[in-house]
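If you want the building blocks of each chain, they are given just below.
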Amino acid sequence: MFKTPVMRRGTLFTSPQEGWDLNLYLIRGRRFHYLIDTGLGSGSMEVIHRELRGDDTPVIVINTHYHWDHIWGNASAPGGLIVSHKLCPGLIERNWSAMLEAKSGYRQGETALRLPDLVFDRELYFAEDGIRLLHTPGHTEDSISVLDEQDRVLFAGDNLGDTPEELLPSLAAPKETYLDTLSLYERLPFDLLLSGHNRIFDRSVLSRVRSLL
């Protein structure tokens, strides 16, 4: 797994898979640290536990959406609170067995069902750390994005394609809904855009994605 420092308080953890990469993102806030997505099982969480060793700051875990490669490490994640959109827990529970059976070859270490504890509808704001969670449907109906207002970094989950050559993601939500999400992104104050699988972009990537629709 590769570590990439991002601005003042972010670290991007990238795990290369066969034909694609998987990103986890850690933001070190003053009141809380925020871990975005938990990867493929307990093995994905080992590097996070090493990174946080000796740091007593509470950790809030964020699931950007219900897909297997973003939630299999939930049971091994640091901290006692997992946050998601309100649709996410039900989608995880209904799809858990099928995802585990279909994608078991990707599993890293142990996996156990652990559902989010705190859910929201449109927005959740951690004001002391300047962290905004926003419902941004597109890739899935429960997709959320995370804006670090202090570092001006947006983590868009899988609402960006998996590679620089494939910027348009697969969409479970209607195209019009995804266009609304892109419009929301364009109004947000950020300079860098991160996602679940791709490299780091500046905000100009949004116009490239829009041109592909």
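Quick note: structure is the one above.
Residues numbered from 1 in each chain as written. Predicted model: local features only at pLDDT ≥ 70, side-chain atom pairs only at ≥ 80, totals over all residues. Heavy atoms only, no water.

All right, on to the environment of L35 then. Relative to the helices and strands, L35 resides in strand β4 (residues 33-36). Take L35: its relative accessible area is 0%, and that puts it in the buried class. Considered as a pair, L35 and N63 are 28 residues apart in the sequence and their alpha carbons are 8.7 Å apart. Leave out the neighbours within four places in its chain, and L35 touches Y25, L26, M45, I48, V59, I60, V61, I62 and P78. (Helix = DSSP H or I, 4+ residues; strand = E, 2+ residues; numbered from the N terminus. Buried < 20%, exposed > 50% of the residue type's maximum accessible area, 1.4 Å probe, protein only. Contact = heavy atoms within 4.5 Å.)

Let's shift gears to the sheet that holds strand β8 (residues 123-126). Taken in spatial order, the 6 strands make up an open sheet running β8-β9-β10-β11-β12-β13, and their pairing is mixed. The open sheet is flanked by β8 and β13 (201-202), the only strands paired with a single partner. Alignment of strand β9 (residues 131-135) against strand β10 (residues 144-148), held across 5 bridges, turns out to be antiparallel. Looking at the pairing, R132 lines up with L147 of β10. (Pairing = 2+ DSSP bridges.)

A few words on the environment of D158. Along the chain, D158 turns up in the loop between β11 (153-155) and α4 (175-187). With 21 residues separating them along the chain, D158 and P137 place their C-alpha atoms 10.0 Å apart. Excluding residues within four positions of it along the chain, D158 makes contact with H65, H70, H139, P169, G196 and H197.

Right, let's get into the side chain of T111. By secondary structure assignment, the location of T111 is in the loop between α3 (88-102) and β7 (118-120). Residue class for T111 comes out buried when judged on its relative accessible area of 17%. The residues touching T111, leaving out its near neighbours within four places in the chain, are L40, G41, W72, W96 and L100.

For any pair of aromatic rings, geometry is given as the distance between the ring centres together with the angle between the planes. Here the structure, examined in full by the defined rule, presents 8 aromatic pairs. Seen from their ring centres, F32 and Y34 are 6.3 Å apart, and the 75° between their planes marks the pair as edge-to-face. With relative accessibility at 18%, the residue F32 sits in the buried group. Here the aromatic rings of W68 and W72 are separated by 5.3 Å at their centres, their planes lie at 50°, and the arrangement is tilted. One aromatic cluster is present, built from ring pairs that chain together W20, W68, W72 and Y106. One Lys or Arg, R203, reaches over the ring of F190 and ends 4.4 Å from the middle of that ring. (Phe/Tyr/Trp six-rings, centres within 6.5 Å; stacked < 30°, edge-to-face > 60°. Lys NZ or Arg CZ within 6 Å of the ring centre and 35° of its normal.)

Two pairing modes exist for strands in a sheet, parallel and antiparallel, and in both the strands are linked by backbone hydrogen bonds. Taking strand neighbours across the sheet as the criterion, the 7 strands line up as β1-β2-β3-β4-β5-β6-β7 in an open arrangement whose pairing is mixed. The two strands at the open ends of the sheet, each matched to only one other strand, are β1 (2-6) and β7. The mean angle between the axes of side-by-side strands here comes to 25°, regardless of whether they run parallel or antiparallel. As judged from the 8 bridges shared by strand β2 (residues 10-17) and strand β3 (residues 20-28), these two strands associate in the antiparallel manner. Paired with S15 across the two strands is L22, which belongs to β3. This element, helix α1 (residues 42-52), spans β1, β2, β3, β4 and β5 (59-62) of the sheet and lies at about 25° to β3. (Axes fitted to C-alpha atoms, helices over the stretch in contact; angles between N-to-C directions.)

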